[in-house]
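Chains, contacts and geometry: an overview
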Amino acid sequence: MLFPQLAVLLSLVLVTLLYLLTRSVHLDRLQPMCPVRSRPPPAGDRVQFPFHPLQFKRGLLHELRRSNTTRGHLIQQLPRAIIIGVRKGGTRALLEMLNLHPAVVKASQEVHFFDSDHNYGRGVAWYRRRMPFSLPGQITIEKSPAYFVTEKVPERIFRLSSSIKLLVIVREPTTRAISDYTQVVVDSDLCVCCVLSVLVCVRVSVIQRELEVLEGKERKNKTYHSFEMLAIDSSTREVNTKYKAVRTSIYAKHLEHWLEFFPVQQFHVVDGDRLISDPLPELRQVERFLNLTPGINRDNLYFNSTRGFYCLRLSRFRKCLAGSKGRIHPDVDPAVLDKLRHFYRPYNQKFYQITGRNFSWL
């Protein structure tokens, strides 16, 4: 009787170990790097980097440590550009696509330095240690979408660097709010756990499970409210601006606060909907904003019909965003959609006036 139980336990252990091994041997660590052939350009010029656009560079630290001639050039630089938001606007896709450029190095994890009092209290040296190793002349970029909507962040960033460049990626406000709701609901409970002296949680991404949660069905003694119940105040039947997903999509209100510290010229707004349908023109605009020579081309991007969005291609490596991206949204009452679009319209017009860009959301 004991043997079957041990066999089941051993199977769980093996599955967990295989999962962890798969996660650790990630594509990010398998990228070759070509040697440096010239010095970085002088400050003020467009950044031109001596790497072929189709060569991966995320294995920078590993590869450069193998070469005594380049080891001394490795540094951890503070970001010269930050993707400050917007949550569920496409910040991860933008960061990964910009990382295709040979002169861009990304911070893989969201650092949350400026929006977290605990992290901010650790000081700039701690923040710098969170940045990737890079070469002089490369631009370090980090992204933390919570920055855009956190009141104390603009002043904190300004104190660190008043000349930093700020990237904001936005989508149609109602769609973004529904996507925000979808992530919160799905991520709150989709986990399978195995126990063996420690608790190991392995996230499950199954469309059927996602749909069950989004329909508000009870799982593990939890019942999720529908998007309509959260977005519309039940007593007034008006849009519920206390609901964070709704409030985040009021882009003009948040941007006005940032403009108290930074001039509008230090912002570049990316159309997140276009980044999904045709990313290269949007990336070209970002390259110009960052004063980079074109380093990303159509060969670096390919449409994955199974996933429904563009994936990345560099040399012999291919990479798509995590399975949690591109989730199926719940069906929402058309009357609620109309009410939200009407609510956002004046804010959208103000956002257009500030940024000088019309996203045709009216």
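Scroll up for the structure.
The present account deals with the structure reproduced in this document. The structure presented is a predicted model; accordingly, all values stated were derived computationally and were not measured. (Residues numbered from 1 in each chain as written. Predicted model: local features only at pLDDT ≥ 70, side-chain atom pairs only at ≥ 80, totals over all residues. Heavy atoms only, no water.)

Brief notes about the overall build of the protein chain
Within the protein chain, the regular secondary structure consists of 14 helices and 12 strands. Put simply, 73% of the contacts in the protein chain that link residues at least 6 apart link residues at least 24 apart. (Helix = DSSP H or I, 4+ residues; strand = E, 2+ residues; numbered from the N terminus. Contact = heavy atoms within 4.5 Å.)

With respect to the pairing of strand β5 (residues 139-143)
Across the 5 residues that make up β5, a large majority, 5, are buried. Residue alternation in β5 divides its side chains into two sets, Ile139, Ile141 and Lys143 and Thr140 and Glu142, and both sets are buried. With 3 bridges connecting them, strand β3 (residues 104-106) and β5 associate as parallel partners. Note that in β5 the partner of Val105 across the bridge is Thr140. (Buried < 20%, exposed > 50% of the residue type's maximum accessible area, 1.4 Å probe, protein only. Pairing = 2+ DSSP bridges.)

Here's the deal with the nonpolar core
Residues Ile84, Tyr147, Ile157, Val170, Trp258 and Phe351 are the most contacted members of the largest nonpolar core, which totals 29 residues. Ranked by residues supplied to this core, first place goes to helix α11 (residues 251-258) with 4 residues. Those residues within four positions of Tyr147 in sequence are excluded, and the remaining contacts are Ile82, Ile84, His112, Phe113, Phe114, Asp115, Glu142, Val153, Ile157 and Trp258. Of all hydrophobic cores here, the second largest spans 28 residues; its members include Ile169, Leu275, Phe289 and Leu292. (Core = buried A, V, L, I, M, F, W, Y, C linked by side-chain atoms within 4.5 Å.)

Describing the state of the cysteines
All told, the structure shown has 1 disulfide when counted by the stated rule. At a sulfur-sulfur separation of 1.8 Å, the disulfide partner of Cys311 is Cys320. Here the S-S torsion is close to 100°, and the disulfide linking Cys311 with Cys320 is therefore right-handed. What makes Cys311 buried here is its relative accessible area of 1%. A relative accessible area of 22% means that Cys320 is categorised as partly exposed. (Disulfide = S-S within 2.5 Å.)

Regarding the sheet that holds strand β6 (residues 165-170)
Sheet strands associate in pairs through backbone hydrogen bonding, adopting either a parallel or an antiparallel arrangement. Here 5 strands make up an open sheet; going across it, the order is β3-β5-β2-β6-β9 and the pairing parallel. Of all strands in the sheet, those bounded by a partner on one side alone are β3 and β9 (267-271). With direction set aside, neighbouring strand axes in the sheet form an average angle of 25°. Relative to β6, strand β2 (residues 81-85) runs parallel, the two being bridged by 4 bridges. Opposite Ile83, over in β6, you have Leu167 as the bridge partner. Against the sheet, helix α3 (residues 91-98) engages β2, β3, β5, β6 and β9, with an angle of about 165° to β5. (Axes fitted to C-alpha atoms, helices over the stretch in contact; angles between N-to-C directions.)

Quick notes on α3
Burial within α3 is extensive, with 8 of its 8 residues counted as buried. Regarding α3, the residues found buried are Thr91, Arg92, Ala93, Leu94, Leu95, Glu96, Met97 and Leu98.

Considering the sheet that holds strand β10 (residues 301-304)
Strand order in the open sheet formed by 3 strands is β10-β11-β12, and the pairing between neighbours is antiparallel. Two strands lie at the open edges of the sheet, namely β10 and β12 (317-319), each paired on one side alone. Sheet twist, expressed as the average angle between the axes of neighbouring strands with direction ignored, equals 35°. Relative to β12, strand β11 (residues 309-314) runs antiparallel, the two sharing 3 bridges. Following the sheet pairing, Arg313 is matched in β12 by Arg318.

With respect to the packing of α3 against helix α13 (residues 279-289)
For the pair α3 and α13, interaxial distance at closest approach is 11 Å and the crossing angle is 70°. Taken together, the axis directions place α3 and α13 in an arrangement best described as roughly perpendicular. Residues Leu94, Met97 and Leu98 of α3 pack against Pro279, Leu283 and Val286 of α13. (Parallel < 35°, antiparallel > 145°, perpendicular 65-115°, else oblique.)

Description of the packing of α11 against helix α14 (residues 334-355)
Running from amino to carboxyl end, α11 crosses α14 at an angle of 40°, the nearest separation of the two axes being 8 Å. Residue-level inspection shows Tyr251, Ala252, Leu255 and Glu256 of α11 in contact with α14, the latter providing Tyr347, Lys350, Phe351, Ile354 and Thr355. In the contact of α11 with α14, the residues fall into 6 nonpolar, 1 polar and 2 charged. (Nonpolar A, V, L, I, M, F, W, Y, C, P; charged D, E, K, R; others polar.)

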